[in-house]
Amino acid sequence: MFKSKEEFKTAYIERLETLFGQSLDESSMADKYVAFSALIRQLINKSWYQSNRQYRATKEKQVYYFSMEFLLGRLLASNLFNLGLTEICGQGLKELGINLSELEAVEQDAGLGNGGLGRLAACFLDSMAALQLPGHGCGIRYRHGMFEQKIVDGYQIELPDNWLKDGYIWEMRKADRAVTVKFGGQVRLAEQGGRLVAIHENYEPVVAVPYDVPVVGANCNTVNTLRLWSAETNHFDLSSFSKGDFLKAVEQKYSLEATSQILYPDDNYPEGKTLRLKQQYFFVSAGLQSIVRRYKRTHGATPADLAKIHEKIAIHINDTHPALAIPELMRILMDEEGLGWDEAWNTTSKTISYTNHTILPEALEKWPVDLVQALLPRMYMIIHEINERFCAALWQEYPGQWERIREMAIIGDCYVRMANLAVVGSHSVNGVAAVHSEILKKEVMSNFHQYFPHRFTNKTNGVTHRRWLAKANPKLASLITETIGPGWLAHPNELANLRRYAQDPAFQASIKAVKQANKARLAAYIKNKMAITVDVNSIFDVQVKRIHAYKRQTLNALHILDLYNRLKADPAIDIEPRTFIFGGKAATGYYLAKRIIKFINTLAQVINNDPVIGARIKVIFLENYSVSLAELIMPAADVSEQISTASREASGTGNMKFMMNGAVTIGTLDGANIEIRDEVGDDNIVIFGLTAAEVLNYYKYGGYNALEVYQGNPRLRLVVDQLMNGFLPASPDEFHSIHHSLLRTNDEYFVLRDFAGYAAAQEKVACLYRDQSRWQAMAVNNIAFSGRFASDRTVAEYAIGIWGIKPVVIRES
Ligand code: 26W
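Basis of the calculations
- Residues numbered from 1 in each chain as written.
- Predicted model: local features only at pLDDT ≥ 70, side-chain atom pairs only at ≥ 80, totals over all residues.
- Heavy atoms only, no water.
- Near = heavy atom within 4 Å.
- Polar contact = N/O pair within 3.5 Å; in protein donor to acceptor, adjacent residues only side chain to side chain.
- Areas by Shrake-Rupley, 256 points an atom, 1.4 Å probe, with all protein chains shown as cover.
- Helix = DSSP H or I, 4+ residues; strand = E, 2+ residues; numbered from the N terminus.
- Nonpolar A, V, L, I, M, F, W, Y, C, P; charged D, E, K, R; others polar.
- Patch = residues over 30% accessible without salt bridge, like charges linked within 9 Å, V, L, I, M, F, W, Y side chains within 5 Å.
- Salt bridge = Lys/Arg side-chain N within 4 Å of Asp/Glu carboxyl O.
- Buried < 20%, exposed > 50% of the residue type's maximum accessible area, 1.4 Å probe, protein only.
- Pairing = 2+ DSSP bridges.

**Points about the site of the ligand**
Then comes step 1: Taken together, 22 residues lie around the ligand, and His357, Asn461, Glu649, Ser651 and Gly652 are the ones closest in.
Then comes step 2: His357 places a polar side-chain atom, nitrogen or oxygen, 2.6 Å from an oxygen atom of the ligand.
Then comes step 3: At 2.6 Å from an oxygen atom of the ligand is found a side-chain nitrogen or oxygen belonging to Glu649.
Then comes step 4: Here the ligand, which alone exposes 580 Å², has 97% of that area covered by the protein.
Then comes step 5: By residue number, the principal contributor to the shell around the ligand is helix 6 (residues 116-130), which donates 3 residues.
Then comes step 6: For the shell around the ligand, the residue count by class is 8 nonpolar, 8 polar and 6 charged.

**Focus: a nonpolar patch on the surface**
Then comes step 1: Taken together, the side chains of Val152, Ile157 and Leu159 make up a nonpolar region of the molecular surface, amounting to roughly 210 Å² of accessible area.
Then comes step 2: Looking at the element boundaries, Ile157 is found in strand 6 (residues 155-159).
Then comes step 3: For Ile157, a relative accessible area of 35% gives the class partly exposed.

**Quick look at the pattern of salt bridges**
Then comes step 1: Under the defined criterion, the tally for this structure stands at 46 salt bridges.
Then comes step 2: For Asp562, the salt bridge is made with Arg566, and the minimal N-O distance between the two is 3.2 Å. In this pair, Asp562 and Arg566 both sit in helix 23 (residues 553-569), 4 residues apart, roughly one turn of the helix.
Then comes step 3: Salt-bridge contacts for Glu763 lead to Arg566; the nearest nitrogen and oxygen are separated by 3.1 Å. Of the two residues, Glu763 sits in helix 32 (residues 751-770) while Arg566 sits in helix 23, which places them 197 residues apart along the sequence.
Then comes step 4: Accessibility expressed as a relative area gives 46% for Glu763, which makes it partly exposed.

**Observations concerning the sheet that holds strand 24 (residues 664-667)**
Across a sheet, strands are paired by hydrogen bonds formed along the backbone, either parallel or antiparallel in direction.
Then comes step 1: One open sheet holds the 6 strands; their spatial order is 22-21-20-23-24-25, and the pairing between them is parallel. Two strands lie at the open edges of the sheet, namely strand 22 (617-622) and strand 25 (686-687), each paired on one side alone.
Then comes step 2: In this sheet, strand 22 lies alongside strand 21 (residues 578-583) in parallel orientation, the contact comprising 6 bridges. By the bridge assignment, Phe582 is partnered in strand 22 with Phe621.

Following this line, the structure appears as structure tokens:
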């Protein structure tokens, strides 16, 4: 580790010269980035090696977090931060005439995820390492991550994300650890040496090559591993090749490698593609094979040793996407290691735990039996057997209750229901916020909860305060440290010490100055990207997240239209100037979400160019919302929009990032908003709308009439009509689907029902903002109470309550 900036500078210059054979002056920004990152990676490698060595030596239990998505964003800054090198390197680079932020910006975001679920996985990795927990990630090295979004003429255009084009400095290819994953073919059972064995024939082998990314723990020597699997083959079909059919040989190579080519850009919006199922089995099988291989080396390879695998290994599945881990671990234990069914089942279910991240019924994964059978014949046999045994047990418990058993079955209506498989095959099931976990127990999984009452728990989400506060908002971080000392960095609950400064005028002024600086930074970005000037003294009112009907960007947009109407009707009314900022991607096949994007952009076009409105309202849709863009946006927000239909947002995590940066939430009593309110109190949050209980009641018993609400509120009626009556400059039926969802299909997400409450809540926000002393106190309180939403707390709860793992302190080499 560098003791001084001089030492760093010498090492850096030398690295640049030896890597590229050129001087600093001759180097491009990209070269400077590569040399710098290579230097940092070398430091990390030492601790990485030590960590792996000591994990092997201590034989402590380890956890593997299986996730189809890891939305890492950039790693340079967070690695520097966790190594404690930001200061030394930043200063050293400055003396060499290099701006660290500019260097950081060279790195491509690793966008290997869609949204909440993928970013949560990334925050958990950061926290596991910071807590010195032996915990690793297992996922897919997508050749193309989340698509790049362009907005052209108000529409979303998707471009491929070519994030690997300049190489990825943080990964380490481990060709010697490759494993084979088998698809298709037939499986027959045969007797060998007195036991039944499964013989898999005529399968298509896909080689899985691991790429390891180090996960650096903050202020400790822990470096864990994120292992991402890539489908690769250098194997050409030689028979085709020698027959001169070169194309066929190449075709087969590409078809095998297709498995890890793209991330499906569907968040809470299933497409059910065969390739996605292939991806799921691909990384689950590869991950488990490599884990079992390592386990055998460290803990013994006899069947008796393997029957105890749960004592040394925990496997967590992030939603149902990796639920094939259950039958795959069964397969490995039985077919490859010789365990009997009961032993294998006992150890499998004690190894695996499952988190549910969504209650939208349409987002619960299910795969057609035919597809599973054809693509994964051995998996299907095992799932079938699990189902048979489970249903027989249910029959014992609930004789004659066909309906209940049909609902709980893993296979039904010609589908494999992945959530049922996940619940049955794991020892722990958790939701991601208190209300969500309750809904799982009482509604969505109530039968399972009755049958397995002790299996269900809650683990409220969190976000890493190192990235989302310390790194994203350095000015705020410095102010906090000056005020309450640096303890909050290791113990985020210490942020509570800020409470006593909430009413302090001097501190309020400092908080405001930080916010203004961050707003200016975002305003400059907007100016540069979109050539629109926004007023940094206006309220920055932000809704950034995936575009989805249940998240209700439409409610926000309709309210903006209403505000506009009122201003047009009476330009003299005194409103608090606002900049409404949106960002987010729509799943490629999600028509309604795409129309919502167009609606927001059309509003922007009308409002931003209306001289009557001037600078009082601006509407900004920031294209290509991503982790790095979020790091720019969160610190600049005054108002955090968390307005999902109550009961539909499992938790939300953006809400936590905003809060940590001092934004005030306007939101429904949904997901973690409820717990945010419980922390900050009603005076520091603005709540509106139906409660989850009310919404669920409507869903169950009916009684909601959208048309009535629409007819009863003239302001609402006007804005809904404006979608269709030619008021907006767009083709006549551009917003037909939005209109239709509100009035023709009875407004599934209660946009109309919550409109009046939302408009009133927005008035309240404006009123609170006018009282700047009151507002700054609210901002301070939000920061002060955000410690609970640090993922260090969440991960500690998983470690103790689910995984049964404890810290392993890594000594320096
Ligand atoms: C099969 C299509 C599909 C793809 C992704 C269905 C569901 C998903 C994810 C489970 C959706 C997701 O990201 N859920 C979000 O998880 C976050 C982390 O727990 C929560 O904060 C969000 O509320 C939840 O929507």
